[in-house]
Amino acid sequence: MTQAFLSIRGIRKVYGPVTAVENVTMDIAEGEFMTFLGPSGSGKSTTLYILAGFQDPSDGDILLKGKSILATPSHKRSIGMVFQRYTLFPHLSVGENVAFPLRIRRRPQAEVAERVKAALKLVRLEGFEDRRPALMSGGQQQRVALARALVYNPPVLLMDEPLSALDKKLREEIQFEIRRIHQETGVTILYVTHDQEEALRLSDRIAVFSQGEIDQIGTGPELYAAPATRFVAGFIGDSNFIEADVVSSDGQHAKLALPGGTVIDGVPLHGALSGSGKAALLLRPERMNLHLGEKPGSLGGTVRDITFLGNNIHVLVEPEGVAPISVRLPFGHAALAELAPGNKVSMSFNPSDAHAFK
Ligand code: ADP
């Protein structure tokens, strides 16, 4: 077995009665872009702070190239950081901010000047050396923070919600820059966000955090196509959940009765479901089709709302006695010409595109 570049082993962190992180384990390859994705309070930052050396774990270990780094103080771990709360030094120029990690490492002046120049070039801020951070936009300031984190070529870069203070357009622009910088430098990145779109856009793999634990680690397409838990299914991509009755199951797939009585077979099953009982059925809005009128074998309902969203149209359909279901149709879909609120429609989908959870 090849040795992992960075290995997080059974990390646990308790604060008095609160368990912030429990049994967090993963191996990260050299040059990988790994994102910790999850809602607020799910343990992402705590895990990152333990990697950074700001916190000690209650249990577990962190290995870099096979060696534990837990006993190494934060500033000697060779880990670059861009955190929302570690902002620039306001009294220093951009050049001196970027030079800071080299100054504390007592690098010679000629090397400092050369590396600062290269780091500013990397983030496309050449010539900004003498500017004060206060005279720069939020996006430019985060680029300076990125240059400062990368100036001494750390093998690992930690980023904790670095873009959350920026507006959407600027955020997307800097996401693009982060991708480019990742590709150009080959640095291993661990990135924290609660924004699934950001995670999908940036990452090689995503670790989905829920209540201090990791539910699943995978590429974006893996998490979308084969979510391990209902939580992951609801967090990656858009989703509808409806309650269905389990008619039978073979352990891998289930036969389910939908509200209204329609029976579908061959729905991928996640978690043990007995031959009877209830299942939560996940239906992706973009994986459903819609027909006017009633159609045997599909799920009937009444159109409640139609919203034009540019390249697709969002239709809200309410089956009898069930919460409304979102269906997303491509622009130009045949049913759209006649569709209006109040219409009776049927929704159909390929059972293999759905997922049944306990
Ligand atoms: P996230 O980064 O996913 O928002 P955190 O790692 O910040 O989550 O927090 C995980 C849990 O640990 C939360 O319940 C939070 O309240 C708790 N927690 C984090 N830091 C502390 C602390 N210093 N003292 C007590 N509880 C904390």
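Just above sits the structure.
Throughout what follows, the structure given in this document is the object of discussion.

Reading the values: rules and limits
Residues numbered from 1 in each chain as written. Predicted model: local features only at pLDDT ≥ 70, side-chain atom pairs only at ≥ 80, totals over all residues. Heavy atoms only, no water. Axes fitted to C-alpha atoms, helices over the stretch in contact; angles between N-to-C directions. Helix = DSSP H or I, 4+ residues; strand = E, 2+ residues; numbered from the N terminus. Parallel < 35°, antiparallel > 145°, perpendicular 65-115°, else oblique. Left-handed = near helix turned anticlockwise from the far one by under 90°. Contact = heavy atoms within 4.5 Å. Phe/Tyr/Trp six-rings, centres within 6.5 Å; stacked < 30°, edge-to-face > 60°. Buried < 20%, exposed > 50% of the residue type's maximum accessible area, 1.4 Å probe, protein only. Expected span 1.5 Å × (residues − 1). Core = buried A, V, L, I, M, F, W, Y, C linked by side-chain atoms within 4.5 Å. Salt bridge = Lys/Arg side-chain N within 4 Å of Asp/Glu carboxyl O.

1. Concerning the packing of helix H4 (residues 138-150) against helix H5 (residues 168-185)
Part 1 of the reasoning: Running from N to C, H4 and H5 cross one another at 20°; their axes reach a closest spacing of 11 Å. Taken together, the axes of H4 and H5 are roughly parallel relative to one another. The interaxial crossing formed by H4 with H5 has right-handed handedness. On H5, the residues touching Gly139, Arg143, Leu146 and Leu150 of H4 are Leu170, Glu173, Ile174, Glu177, Ile178 and Ile181.

2. Looking at the packing of aromatic side chains
Part 1 of the reasoning: Across all of its chains, the model carries nine aromatic pairs by this definition.
Part 2 of the reasoning: When the ring of Phe231 is compared with that of Phe235, the centres are 5.3 Å apart and the planes differ by 20°; the resulting orientation is stacked. Taken together, the residues Phe231 and Phe235, both in helix H8 (residues 230-235) and four residues apart, mark about one turn of the helix.
Part 3 of the reasoning: Under the relative-accessibility criterion, Phe235 is labelled buried at 18%.

3. As for H4
Every α-helix carries 3.6 residues per turn, so stepping three or four residues along brings you back to the same face.
Part 1 of the reasoning: Look at H4: 19 Å from first C-alpha to last across 13 residues, which is about the 18 Å you get at 1.5 Å a residue.
Part 2 of the reasoning: For H4, a buried count of ten out of 13 residues is recorded, marking the element as mostly surrounded by other parts of the structure.
Part 3 of the reasoning: What H4 keeps buried is the set Gly139, Gln142, Arg143, Val144, Ala145, Leu146, Ala147, Arg148, Ala149 and Leu150.
Part 4 of the reasoning: Along its buried surface, H4 packs onto strand E6 (79-83), helix H2 (94-104), helix H3 (109-122), strand E7 (156-160) and H5.

4. Considering the nonpolar core
Part 1 of the reasoning: In this structure, Val98, Leu120, Leu146, Leu157, Met159, Ile178 and Tyr191 are the most contacted members of the largest nonpolar core, which totals 35 residues.
Part 2 of the reasoning: When contributions to this core are tallied by element, the ones reaching two or more residues are H2, H3, H4, E7, H5 and strand E8 (188-193).
Part 3 of the reasoning: Considering every element that reaches this core, the biggest residue donor is H4, with six residues.
Part 4 of the reasoning: Leaving out residues up to four positions away in the same chain, Val98 has contacts with Val116, Ala119, Leu120, Val144, Ala147, Arg148 and Val151.
Part 5 of the reasoning: Ranked by size, the runner-up nonpolar core spans 30 residues in total, among them Val303, Val322, Leu329 and Leu339.

5. As for the pattern of salt bridges
Part 1 of the reasoning: What the rule picks out here adds up to 19 salt bridges.
Part 2 of the reasoning: Among the ionic pairs, Arg12 bridges to Glu22, the shortest N-O distance being 3.1 Å. Pair noted here: Arg12 is in strand E1 (residues 6-15) and Glu22 is in strand E2 (residues 18-28), with a separation of ten residues, a long-range link.
Part 3 of the reasoning: On the accessibility criterion, Glu22 (26% relative accessible area) is partly exposed.
Part 4 of the reasoning: Between Glu96 and Arg103 there is a salt bridge whose closest N-O contact spans 2.9 Å.

Honestly, it's all geometry; don't read function into it.
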